[in-house]
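Survey of secondary and tertiary structure
Residues per chain are reported as follows:
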Amino acid sequence: MNALTELEEGLSISWAAIRANKMRSVLTTLGIIIGIVTVTLMGTAIAGLNQSFLNTISFIGADVLYVQIFDWAPHSREEWYKMQKRNPITLEQANTLEKELGLARAVAPVMTSSERVRYNKRSARGVSIVGTTEEFLFTGGISVAQGRFFSALEADGGRPVCVIGSMVATNLFPKESPLGKRIKIDQQPFEVIGVLEKLGTFLDSSVDNQAIIPLPQLIAGFENSHNLDHIQVKVKNVADLEGARDELHSVMRKIRHLAPSDPDDFAINQQDQILEMVHKVTGTIAAIGLFITGLSLFVGGIGIMNIMFVSVAERTREIGIRKAIGAKRRTILLQFLIEAATICLIGGLVGLAIAWPLTLVMQRFLPAVMSPGIVGIALLVSLVTGLISGIFPAWRAARMDPVDALRSE
């Protein structure tokens, strides 16, 4: 008897045994079903959140460096307190960087404020007002969906023009084009010359809920200060990122008059730091979810093992007859392994059938994606659980003495 024939025979006998004990098989798979539903929902949630996050932060850019007084990496309260005492990043420092950096394609100073934006009787609160230069079009990872971005002449002259995010456009202009219209930021009028493409939500605050204006307008109308939130530096070639970072670090130390022995009083941040933090958080969530899932699958596996021991005991005479007519140990072993794996696979399929509509419900509240990879992992976990749970009962059945087994009543 070859391996394929043994496999077909094992499947046939296993399916017949499962059908003969329907209620017992259903109760046996409950633990597996709960475990598969848990691991599937956890996987869809984490995959969806990761994808949404990556799509959202893509605007940061892998080739953009951010100069500011705070480091994005996690720090103790004492370290944050020390960073708050650092001298601010100024517009004059940004202008010097633009002149001295050789590996930078664009340098954009950025200053922000939060103001109320109105158009006629409609208003939008908590809009992030970004003051910057024309270089922000390259450093900010943004794209203009309608109209245009402001020019260097408009940025330098401080003309009252603005480019608004998609959320602001939707809130203020639900049924008309915003281009050419005049909105009021606080009490000052600005002409809308462009609308940005939708970027998505980022850490619960939408980057689409912003209005970008020339930096002189923000300084004169809202902040009255030359202290910047940060400076964005886009490198010419991503392959030269490390060299550009070293150059930026050297020039910033010179600009801020730091002695060779002085520690940095500024930070150079980049996208990788955010990704590293997010991966740590999602890794922790995944570990907790896997622990909970593992407990459920362990309980389900123990249940299957007990039922398989009962099944072996009930079919002792059948095992003896099969061995007496020439069945090998591996044939008996394979038969009961297939039965345990089949029960778990059925539980896995039922679990996926339950998880699918639950995933659709989850999508209303958070991003969730049931990818083919997650489905494959769920089925693989079911199969492995069945094989592990069935190995001891199957081994016991395979080791039975045919004479003793035939004497069993």
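Structure first, text after, so check above.
Predicted model only: the values in this text are computed from it and were never measured.

So, the environment of V299
Tracing the chain through its elements places V299 in helix α10 (residues 271–314). Along the backbone, V299 and G31 are 268 residues apart, and their C-alpha atoms lie at a distance of 6.3 Å.

With respect to the side chain of Q217
The topology assignment puts Q217 in helix α8 (residues 215–223). Q217 gets classed as buried once you look at its relative accessible area, which sits at 14%. Residue contacts for Q217: discarding those within four places in its chain leaves G158, R159, P160, Q188, F190 and F222.

Digging into the packing of aromatic side chains
A complete count under the given rule lists three aromatic pairs for this structure. Relative to F173, the ring of Y119 has its centre 4.4 Å away and its plane inclined at 45 degrees; by these criteria the two rings are tilted. Placement of the pair is Y119 in strand β3 (residues 104–119) and F173 in the loop between α7 (166–172) and β7 (182–185), with a sequence separation of 54 residues. Assessed through its relative accessible area of 12%, Y119 is described here as buried.

Digging into unusual backbone geometry
Positive phi outside glycine occurs at N120, with the angle close to 55 degrees. Examined against the element boundaries, N120 turns out to sit in the loop between β3 and β4 (122–132). Given the relative accessible area of 63%, N120 is considered exposed. Located in the positive-phi region is D186, a residue other than glycine, with phi close to 60 degrees.

Section: the nonpolar core
By size, the foremost hydrophobic cluster in this structure holds 46 residues, and its most contacted members are L97, I164, I183, I185, I231, V233 and L248. Counting residues per element, this core draws most heavily on helix α9 (residues 241–255), which supplies six residues. Apart from the residues lying within four places of it in its own chain, the contact partners of I185 are E115, R116, V117, I129, F190, A211, I213 and F222. M308, L337, C344 and L352 belong to the second-largest nonpolar core, a separate cluster that totals 24 residues.

A closer look at the pairing of β3
Strand direction decides the pairing type here: β3 and strand β13 (residues 230–235), joined by six bridges, are antiparallel. Considered in β13, the bridge of A108 is made with Q232. Where β3 hands over to β4, the hairpin turn is made up of two residues, of which N120 adopts a positive phi near 55 degrees. Across two bridges, the pairing between β3 and β7 is antiparallel. Within the sheet, the bridge partner assigned to R118 lies in β7 and is K184.

Calculation rules
- Residues numbered from 1 in each chain as written.
- Predicted model: local features only at pLDDT ≥ 70, side-chain atom pairs only at ≥ 80, totals over all residues.
- Heavy atoms only, no water.
- Helix = DSSP H or I, 4+ residues; strand = E, 2+ residues; numbered from the N terminus.
- Buried < 20%, exposed > 50% of the residue type's maximum accessible area, 1.4 Å probe, protein only.
- Contact = heavy atoms within 4.5 Å.
- Phe/Tyr/Trp six-rings, centres within 6.5 Å; stacked < 30°, edge-to-face > 60°.
- Core = buried A, V, L, I, M, F, W, Y, C linked by side-chain atoms within 4.5 Å.
- Pairing = 2+ DSSP bridges.

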